[in-house]
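# Fold and geometry: a report
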Amino acid sequence: MKVLVVGNGGREHALAWKIKQSPLVKELFVARGNAGIWQIAKKVDISPTDIKSLVKFAKENQIDLTVVGPEQPLSEGIVNAFNEAGLKIFGHTKEASILEASKVFAKNFMKKYGIPTAFYETFDNEEEAVAFIKKMGTPIVIKADGLAAGKGVVIAHTEEEAINTVKDMFAGRFGEASKRIVIEEFLDGEEASYIAMVDGEELVPMATSQDHKQVYDGDKGPNTGGMGAYSPAPLITPEIEKEILEKIMYPTLKGMKAEGKPMRGFLYAGLMIGSKGINVLEFNVRMGDPETQPIMRRLESDLVEHILDILEGKISTVKPVWSDRYSIGVVMASGGYPGSYKKGYEITGIQEAEKDPDVVVFHSGTDIKDGKLITNGGRVLTITATGETLREAKEKVYNAVKKIHFKDAHYRTDIGDKGIKRLSQQ
Ligand code: AMP
Ligand code: GLY
């Protein structure tokens, strides 16, 4: 069959890499992709949000299945448009995607259905927001309502910073996305990502993982889209997983159905596990980036088969098989990211890094210019490695990272440490 992957990032490279291995797939396309994905899939020069052109392409080329990576096309209705055209696509409708696209919707939804989340209020004007900040004190968390590529959240440690953030957001720092904001209580603890494939009120869990949002080691500095992840996450014990399913995942699916927004696709709950129990920080209606990269390295069964079964209404038969190995992904980013950064620097050393058979390098923001591989985004590559232990995976991944070079590259050096520490205490 012919499969189309929509998206440009490391997540899409990992999905395409896995899809390509399916014996069901004869031809793989990507819109628009990056230099890494173009090595394994045919480039379709259409933006992931140009839905009309994607429908036309899929029809003309008899695409049998489309898999959507990022949130933007989902929230702009790519699934609705493909469904209307009679084309098979895996992902949520525009209506269901609001669970990620609007933090105000997500918070009000969680409150209504009793899904544990930080105490919050929503605001559309500065005066009331400032009064709330003064009442709540700091640290406090301020979130733009709409999509902001993982950067619309600020954890303010002083009242001044909080008030300035609110002013900034209402002044249009994230455009339309920050016309409304959520202000919520700061939760301490450790974060984890819980991702499942879902259909209606049923789900199939993916392997657990832990992302690292902050740009610097020790979870310091501003938030990014994610600087590295590993799977499985020892933090998520079987007991914790049971609670996540019972108190968060199933009630979310039930609630969304009751709201007339049934879900089908990937559902990702970003969790904080700490002194206040397990709380949802955010929902995403897609796989995580970079979580997908280490997770796909551990999936032994056929992702395409699983997706087709779900689309045929047979989710209860889907039983993914996961490798027992540990897997880590480390993001190499452009100097300056998540702030401003330069593009166009040559990348070298990937082949050398991939000489270790346990290493796979996924591309995020890369391009080809004059026959050379160059940087083309904030997050440039995700280097993944697997190992018998998390420690071994870490050693392998950083050995590989050290072989790859581009000007001003930066990366965290502590991805995996939280899991290694937890495992050594068990
Ligand atoms: P979100 O997009 O809502 O998941 O927020 C992005 C990141 O901000 C999260 O992954 C956390 O690192 C942090 N964060 C969000 N909300 C809170 C909170 N209430 N307390 C502490 N940290 C938070
Ligand atoms: N890694 C976090 C996200 O994909 O939202």
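Above this note sits the structure.
Figured I'd write up the structure that's included with this text. (Residues numbered from 1 in each chain as written. Chains lettered and ligands numbered in written order. Predicted model: local features only at pLDDT ≥ 70, side-chain atom pairs only at ≥ 80, totals over all residues. Heavy atoms only, no water.)

## Description of the layout of surface pockets
- Reported here for the second largest pocket is a volume of approximately 190 Å³.
- Every residue lining the second largest pocket is listed: H13, W17, G36, Q39, I40, I350, Q351, E354, V360, V361, H363 and L373.
- If you tally residues by element for the lining of the second largest pocket, the top one is strand β19 (residues 359–363), at three residues.
- Class assignment for the residues of the lining of the second largest pocket results in six nonpolar, five polar and one charged. (1 Å grid on protein atoms, 1.4 Å probe; cavity = no way out; pocket = protein on both sides within 12 Å on 5 of 7 lines; lining within 4 Å. Points joined across faces, edges and corners; volume = space filled by probe spheres on them. Helix = DSSP H or I, 4+ residues; strand = E, 2+ residues; numbered from the N terminus. Nonpolar A, V, L, I, M, F, W, Y, C, P; charged D, E, K, R; others polar.)

## A look at the site of ligand 1
- As a matter of local geometry, ligand 1 sits amid 17 residues, with K143, E184, L187, E191 and K213 nearest to it.
- Within the side chain of K143, a nitrogen or oxygen atom sits 2.8 Å from an oxygen atom of ligand 1.
- Listing elements by their share of the shell around ligand 1, those giving two or more residues are β7 (140–144), β8 (153–156), β9 (181–185) and β17 (277–284).
- Its residues assigned to classes, the shell around ligand 1 shows eight nonpolar, two polar and seven charged. (Near = heavy atom within 4 Å. Polar contact = N/O pair within 3.5 Å; in protein donor to acceptor, adjacent residues only side chain to side chain.)

## Side note on the site of ligand 2
- Taken together, D211, K213, G225, Y268, N284, R286, G288, D289, P290 and E291 form the complete shell of residues around ligand 2.
- One of the backbone N or O atoms of G225 is found 3.2 Å from a nitrogen atom in ligand 2.
- In this structure, a nitrogen atom belonging to ligand 2 sits 2.8 Å away from a main-chain N or O atom of D289.
- The protein chains hide 92% of the 200 Å² of surface that ligand 2 would expose on its own.
- The class makeup of the residues in the shell around ligand 2 is two nonpolar, three polar and five charged. (Areas by Shrake-Rupley, 256 points an atom, 1.4 Å probe, with all protein chains shown as cover.)

## Focus on a negative patch on the surface
- A contiguous patch of negative charge on the surface is contributed by E121, D124, E126, E127 and E128.
- In terms of residue count, helix α7 (residues 126–136) provides more of the negative patch than any other element does, three residues in total.
- Along the chain, E127 falls in helix α7. (Patch = residues over 30% accessible without salt bridge, like charges linked within 9 Å, V, L, I, M, F, W, Y side chains within 5 Å. Salt bridge = Lys/Arg side-chain N within 4 Å of Asp/Glu carboxyl O. Lys, Arg positive; Asp, Glu negative; His and termini not counted. Charge placed at Lys NZ, Arg CZ, Asp CG, Glu CD.)

## Let's talk about the environment of F406
- If you trace the backbone, F406 turns up in the loop between α13 (390–403) and α14 (417–425).
- When the C-alpha atoms of F406 and G349 are compared, they prove to be 9.1 Å apart, with 57 residues separating the residues in sequence.
- In this structure F406 touches M332, A333, S334, E346, I347, T375, V380 and L381, once residues within four positions along its chain are discounted. (Contact = heavy atoms within 4.5 Å.)

## Quick look at unusual backbone geometry
- With an omega of -5 degrees, the peptide bond running from S231 to P232 counts as cis.
- Mapped onto the secondary structure, P232 falls in the loop between β15 (228–231) and α9 (238–258).
- Here D289 and P290 are connected by a cis peptide whose omega angle stands at 25 degrees.
- Looking at where P290 falls in the secondary structure, it is placed in the loop between β17 and α10 (292–298).
- One non-glycine residue, Q62, adopts positive backbone phi at about 50 degrees.
- In this fold, Q62 is placed in the loop between α2 (51–60) and β4 (65–68).

## Some remarks on the side chain of E71
- Structurally, E71 is set in helix α3 (residues 71–75).
- In this view, E71 contacts R11, E100, L147 and R286; residues no more than four positions away in its chain are not counted.

## A short note on the pairing of β7
- Within β7, five of the five residues are buried, which leaves the element mostly enclosed by the surrounding structure.
- By the alternation rule, side chains of β7 split into I140, I142 and A144 and V141 and K143, which are all buried.
- Across four bridges, the pairing between β7 and β8 is antiparallel. Residue V141 lies in a different strand from β8, and its bridge partner there is I155. (Buried < 20%, exposed > 50% of the residue type's maximum accessible area, 1.4 Å probe, protein only. Pairing = 2+ DSSP bridges.)

## A few points about the packing of helix α5 (residues 94–101) against helix α6 (residues 103–112)
- Here α5 crosses α6 at 90 degrees, and the two axes come no closer than 6 Å. Taken together, the axes of α5 and α6 are roughly perpendicular relative to one another. Each of I98, L99 and A101 in α5 lies in contact with α6, whose residues at this interface are K103, F105, A106 and F109.
- Along the lines of polarity and charge, the residues of the contact of α5 with α6 split into six nonpolar, no polar and one charged. (Axes fitted to C-alpha atoms, helices over the stretch in contact; angles between N-to-C directions. Parallel < 35°, antiparallel > 145°, perpendicular 65-115°, else oblique.)

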